[in-house]
Amino acid sequence: MAKFVVTPSSEEQRAAWTGGTIPEVERVRPGLWSVPVPIPINPLRYVLVYVLECDDGVALVDAGWNTDEAYDALVAGLAVAGYAITDVKAVLVTHIHPDHYGLAGRVREASGAWIGLHPADAELVHERYDEAAIESLVARERALLARCGVPPATLDELAGASMMIRHLVSAAKPDRLIEDGDRLGLPGWDLRALWTPGHSPGHLCFTSPSRKLLFSGDHVLARITPIVAVHPQSGPNPLADYLGALAAVRALDVEEVLPAHEYRFLELAGRVDHVMAHHEERLAEIEGVLAASDGVSCWEAATRLTWSRPWESIPAFMRRAANNETLAHLVWLEARGRARREPGEPDRWVSG
Ligand SMILES: [Zn+2]
Ligand SMILES: [Zn+2]
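Residues numbered from 1 in each chain as written. Chains lettered and ligands numbered in written order. Predicted model: local features only at pLDDT ≥ 70, side-chain atom pairs only at ≥ 80, totals over all residues. Heavy atoms only, no water.

Draft legend 1. Representation of the side chain of Asp99 in the model. Note on placement: Asp99 falls in helix H3 (residues 98–101). Note on Asp99: relative accessible area 8%, which makes it buried. Looking at Asp99, its side chain comes within polar contact range of the side chain of His100, at 3.2 Å. Only 3.1 Å separates the side chain of Asp99 from the side chain of His261, close enough to count as a polar contact. Beyond its immediate chain neighbours, meaning those up to four positions away, Asp99 contacts Ile39, Val47, Gly64, Trp65, Asp218 and His261. (Helix = DSSP H or I, 4+ residues; strand = E, 2+ residues; numbered from the N terminus. Buried < 20%, exposed > 50% of the residue type's maximum accessible area, 1.4 Å probe, protein only. Polar contact = N/O pair within 3.5 Å; in protein donor to acceptor, adjacent residues only side chain to side chain. Contact = heavy atoms within 4.5 Å.)

Draft legend 2. Local environment of the coordination of the zinc ion (ligand 2). The protein atoms that coordinate the zinc ion (ligand 2) are Asp99 (OD), His100 (NE2), Asp218 (OD), Asp218 (OD) and His261 (NE2), at distances of 2.1 to 2.8 Å. Spacing between the donor residues of the zinc ion (ligand 2) along the chain follows D-H-x117-D-x42-H. (Donors = N, O, S within 2.8 Å, 3.2 Å for Na, K, Ca; no water.)

Draft legend 3. Structural view of the packing of aromatic side chains. All told, the structure shown has five aromatic pairs when counted by the stated rule. Consider the rings of Trp17 and Tyr46, whose centres lie 6.0 Å apart with planes at 80°: the pair is edge-to-face. Taken together, the residues span a long stretch of sequence, with Trp17 in helix H1 (residues 11–19) and Tyr46 in strand S3 (residues 46–54) at a distance of 29 residues. Take Tyr46: its relative accessible area is 0%, and that puts it in the buried class. An angle of 70° between the planes, with centres 5.4 Å apart, marks the rings of Tyr50 and Phe215 as edge-to-face. Of the two residues, Tyr50 is situated in strand S3 and Phe215 in strand S10 (residues 213–217); the sequence distance between them amounts to 165 residues. (Phe/Tyr/Trp six-rings, centres within 6.5 Å; stacked < 30°, edge-to-face > 60°.)

Draft legend 4. Quick peek at the coordination of the zinc ion (ligand 1). Taken together, His95 (NE2), His97 (ND1), His199 (NE2) and Asp218 (OD) make up the full set of protein donors to the zinc ion (ligand 1), lying 2.1 to 2.3 Å away. Taken together, the four donor atoms surrounding the zinc ion (ligand 1) define angles of 89 to 179° at the centre, an arrangement classified as irregular. Considered as a linear motif, the donors of the zinc ion (ligand 1) on their single chain read H-x1-H-x101-H-x18-D. A spacing of 3.5 Å is found between the zinc ion (ligand 1) and the zinc ion (ligand 2), which share Asp218 as a donor. Taken as a pair, His199 in the loop between strand S8 (192–195) and strand S9 (204–208) and Asp218 in the loop between S10 and helix H9 (238–250) lie far apart in primary sequence, 19 residues in all. Across this residue pair, the class does not change: His199 and Asp218 are buried. (Tetrahedral: all angles 85-135°; square planar, octahedral: opposite > 155°, others 65-115°.)

Draft legend 5. Structural view of the sheet that holds strand S5 (residues 88–92). In space, the seven strands of this open sheet follow the order S1-S2-S3-S4-S5-S6-S7, with mixed pairing throughout. Of all the strands in the sheet, the pair left with one neighbour each is strand S1 (26–29) and strand S7 (176–177). Across three bridges, S5 lies against strand S6 (residues 114–117) in parallel orientation. Its bridge partner being in S6, Val91 is matched across the sheet by Ile115. Relative to the sheet, H1 contacts S1, strand S2 (32–38) and S3, its axis offset from that of S3 by approximately 160°. Sitting on the sheet, helix H2 (residues 68–80) is in contact with S2, S3, strand S4 (57–61) and S5, with an inclination near 160° to S2. (Pairing = 2+ DSSP bridges. Axes fitted to C-alpha atoms, helices over the stretch in contact; angles between N-to-C directions.)

Draft legend 6. Here's a closer look at H2. Between its first and last C-alpha atoms H2 spans 18 Å; for 13 residues at 1.5 Å apiece the expected length is 18 Å, and the two agree. When H2 is considered as a whole, its buried residues turn out to be Ala70, Tyr71, Leu74, Gly77 and Leu78. The buried residues of H2 occupy an angular sector of 125° when projected down its axis, which confines them to one face. Exposed residues pointing more than 90 degrees away from the buried face of H2 are listed as Asp68, Ala79 and Val80. Lining the buried residues of H2 we find S2, S3, S4, S5 and helix H4 (104–111). (Expected span 1.5 Å × (residues − 1). Arc of directions from axis to C-beta.)

Draft legend 7. Up close: the pattern of salt bridges. This model, assessed by the stated rule, comprises 17 salt bridges. Between Arg348 and Glu300 there is a salt bridge, and its shortest N-O distance comes to 3.5 Å. In this pair, Arg348 sits in strand S13 (residues 348–351) while Glu300 sits in helix H11 (residues 298–304), placing the two residues 48 residues apart along the sequence. Assessed through its relative accessible area of 30%, Arg348 is described here as partly exposed. Overall, Glu300 belongs to the partly exposed group, its relative accessible area being 29%. Between Asp347 and Arg341 there is a salt bridge; the shortest N-O distance is 3.4 Å. Using a relative accessible area of 3% as the deciding quantity, one classes Asp347 as buried. Exposure remark for Arg341: the relative accessible area of 28% places this residue in the partly exposed category. Through salt bridges that share partners, Glu26, Arg29, Glu256 and Arg264 make up one connected network. (Salt bridge = Lys/Arg side-chain N within 4 Å of Asp/Glu carboxyl O.)

Draft legend 8. Looking closely at the nonpolar core. Leu52, Leu74, Leu186, Phe206 and Phe215 are the most contacted members of the largest nonpolar core, which totals 107 residues. With eight residues, the single largest contributor to this core is S3. Sequence-distant contacts of Phe206, that is, excluding residues within four places in its chain, are made with Val61, Leu92, Val93, Thr94, Ile178, Leu184, Leu191, Arg192, Ala193, Leu213, Leu214 and Phe215. (Core = buried A, V, L, I, M, F, W, Y, C linked by side-chain atoms within 4.5 Å.)

What follows is the structure in structure tokens.
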């Protein structure tokens, strides 16, 4: 695939990313700040929280993980911008993942800010972070993995793989549900929400048409592509959702993309085209695996694909993500008649 490399709009931020450090708090433009909030033990290292100055205080896009270190970094970043945590009036959360939503509850406690989330992600809050509900979630994940052909010996390990990070989120309920096309009504901002499901069912981007900005969350990033996977809390065909939502943002008139990770950049359309081509390539690779076999389980298909490192050296929770991502591609192919599922334990996948 031809490599398309975006132009960073902050050289300092890109240099920090590639140098393995945390970037500085930056004024992106008048009235808008970027505050990196560290994520512990994660190769992404930080979430870029955006601080939008309004007449009566500030609004945040995303919040960070629920750790003291993250909270302190957010407070310190706000101070650089000339604000206190008590000035936060709103926390617009792009999606429910702990690196974005985790700290929202604590910010609300300190400031009285309202928290906004898309209804499709709001629905998942209880199940993800409530002790009683988690058991059934893990059981459904286990059943899904079994149908994928995950070896029985590793089923339990994989099914519970993300449970250790639960404490990094407070199970705060949102105060406002933000729907596709909603105008946020922040003073001084013509901010509009765009529902971009795929990476999570309720992922939101925010756009300012007058400033030609896109707050892209995890939907579009400079270098990496977000995980789009089938799991108990995904939609039935998340890759179709994701590709549709990519087309939707591509149509926007945007000069600068403000993502939640890595660094901000120009050339939204070029980046979207590249990500779409990446998925096309992946789909073709999976079709190749199906054509070369007389039926494989999803897990077997995953082990035959190329990953950033050999399958044997991929840790358990990432193998689960790899399996569930493969399933998202298989389901997409099935919906297009390019693959067929023979139901069983496990399901067998054959060419369509
Ligand atoms: Zn995410
Ligand atoms: Zn993220």
